Amino acid sequence: MPMFRDVLVHLSESGTLRRVATHAPGARTMARRFVAGETVEDGVAAARELNAAGIRVTLDNLGESVDTRDEARAAADTYLAMIRRIVEEKLDANVSLKLTQMGQDIDAAFMRDNVGRVLDLAREHDMFVRLDMESSAYTQRTLDFFRTLWDSEGYRNVGIVLQSYLKRTADDARMANERGARVRLCKGAYVEPPEVAFQEKSRVDENFVAVTRMLLEEGTFPGIATHDPAMIEATKRIAHEQGISKDAFEFQMLYGIRRDLQAELVREGWGLRVYVPFGDAWYPYLMRRMAERPANLFFIVNAVLRESPLRFLMSNGKR
Ligand code: FDA
């Protein structure tokens, strides 16, 4: 249902809908399926539970496209708090952040300072920081910024995300492989025009497998981020064929999605990291998850109904 997906992704960018949805009855319950909670401690608690099940974590403080310096500074401060708590709790975890949350749309030097504070503290603790990838309007800027960090400023605890729906991605994977930088490969979650992105699922998948091969054969500890059983099987096949060991890369999945597959990978001894988002700015994240699988909408509607005043009245107030 590509049209429906596009509509949901566009709605994810609406500020008005975000305000309405965030205050709707049952909103928290509905977000809870895919979001670990609202506070750093909620994220830490989810990470502890996943670690206990043999799953690594990357913690994400939800937020993107902030338009004030105060918000961006506060987001960077939250990342510092997350890193300190990960260290205190000795969690097997790192962090993922979005550059638009750090002020990319406000001022490049200001954004660099915010990201620099996070990278410096992470480096002190030997911790890795992943720069999430946003829409194609940001791809070049994000990769240029990554190259500045890596080539000119000497950071080695930073990595990138590449999206297999983008036609440029094999070239970007080569750039990262040449540097020995860590790449997370995903399919891509935004709506992109045919000039820059493959439109057919088969082409996106084909590119996913081709770039996975490049990353497994020539890359540095890549993260193969997908819930698609066909992509997972293809990755295992390449690893077997090429004699690539299970600790040379990891699978990655999102919190709350395909827990069955997550458990299966751990049982089979593959490395798995789960992306754990928390915070109150969950609206765009949740809408992208709806877009990927519209069946999730039914789950959400059900959760909202369970909590709404309408349901309360329909049940004659008995609850
Ligand atoms: P695909 O969408 O083809 O779905 C295959 C199967 O997976 C479905 O049939 C279903 O079984 C299951 N599935 C997929 N999505 C589901 C959902 N929401 N709910 C329930 N089941 C679902 N994107 C981006 O643009 N920038 C980024 O930085 C990141 N970061 C990131 C990190 C991690 C760890 C993951 C796993 C994903 C991302 N993504 C991302 C999102 C990614 O681009 C993509 O949108 C989703 O992972 C969905 O694509 P799949 O590969 O899972 O397959």
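Residues numbered from 1 in each chain as written. Predicted model: local features only at pLDDT ≥ 70, side-chain atom pairs only at ≥ 80, totals over all residues. Heavy atoms only, no water.

Caption draft 1: Spatial organisation of the confidence of the model for the protein. Summary statistics for the protein give a mean pLDDT of 90 and a share of 90% for residues scoring 70 or more. Counting contacts from residues 309-319, a segment whose pLDDT is below 50, to residues more than four positions away or on other chains yields eight contacts. (pLDDT = per-residue confidence, 0-100. Contact = heavy atoms within 4.5 Å.)

Caption draft 2: Looking closely at the packing of aromatic side chains. On inspection of all chains with the given rule, the structure shows five aromatic pairs. Judged by centre distance (5.9 Å) and plane angle (50°), the ring pair of F249 and W270 falls under tilted. Of this pair, F249 sits in the loop between α10 (229-242) and β7 (250-254) while W270 sits in the loop between α11 (259-267) and β8 (272-278), and the two are 21 residues apart along the sequence. Each of the two residues, F249 as well as W270, counts as buried. When the ring of F251 is compared with that of W270, the centres are 5.9 Å apart and the planes differ by 80°; the resulting orientation is edge-to-face. Placement of F251 in strand β7 and of W270 in the loop between α11 and β8 is noted, with a sequence separation of 19 residues between them. Both residues of the pair, F251 and W270, belong to the buried class. A network of ring pairs unites the aromatic residues F249, F251 and W270 as a single cluster. Above the ring of W270, the side-chain terminus of K246 is found at 4.7 Å from the ring centroid. (Phe/Tyr/Trp six-rings, centres within 6.5 Å; stacked < 30°, edge-to-face > 60°. Helix = DSSP H or I, 4+ residues; strand = E, 2+ residues; numbered from the N terminus. Buried < 20%, exposed > 50% of the residue type's maximum accessible area, 1.4 Å probe, protein only. Lys NZ or Arg CZ within 6 Å of the ring centre and 35° of its normal.)

Caption draft 3: Broad picture of the site of the ligand. Around the ligand sit 25 residues in total, of which K187, G188, T226, H227 and E292 are the nearest. Contact distances for the ligand include 2.6 Å between an oxygen atom and a backbone N or O atom of G188. Contacts to the ligand include H227, whose side-chain N or O atom sits 2.7 Å from an oxygen atom. Across the complex, the protein chains shield 86% of the 920 Å² of accessible surface that the ligand would expose by itself. Placement of the ligand is best described as lying within the largest pocket. For the shell around the ligand, the element with the most residues is β7, which contributes three residues. (Near = heavy atom within 4 Å. Polar contact = N/O pair within 3.5 Å; in protein donor to acceptor, adjacent residues only side chain to side chain. Areas by Shrake-Rupley, 256 points an atom, 1.4 Å probe, with all protein chains shown as cover. 1 Å grid on protein atoms, 1.4 Å probe; cavity = no way out; pocket = protein on both sides within 12 Å on 5 of 7 lines; lining within 4 Å. Sits in = over half its atoms within 2 Å of the grid points.)

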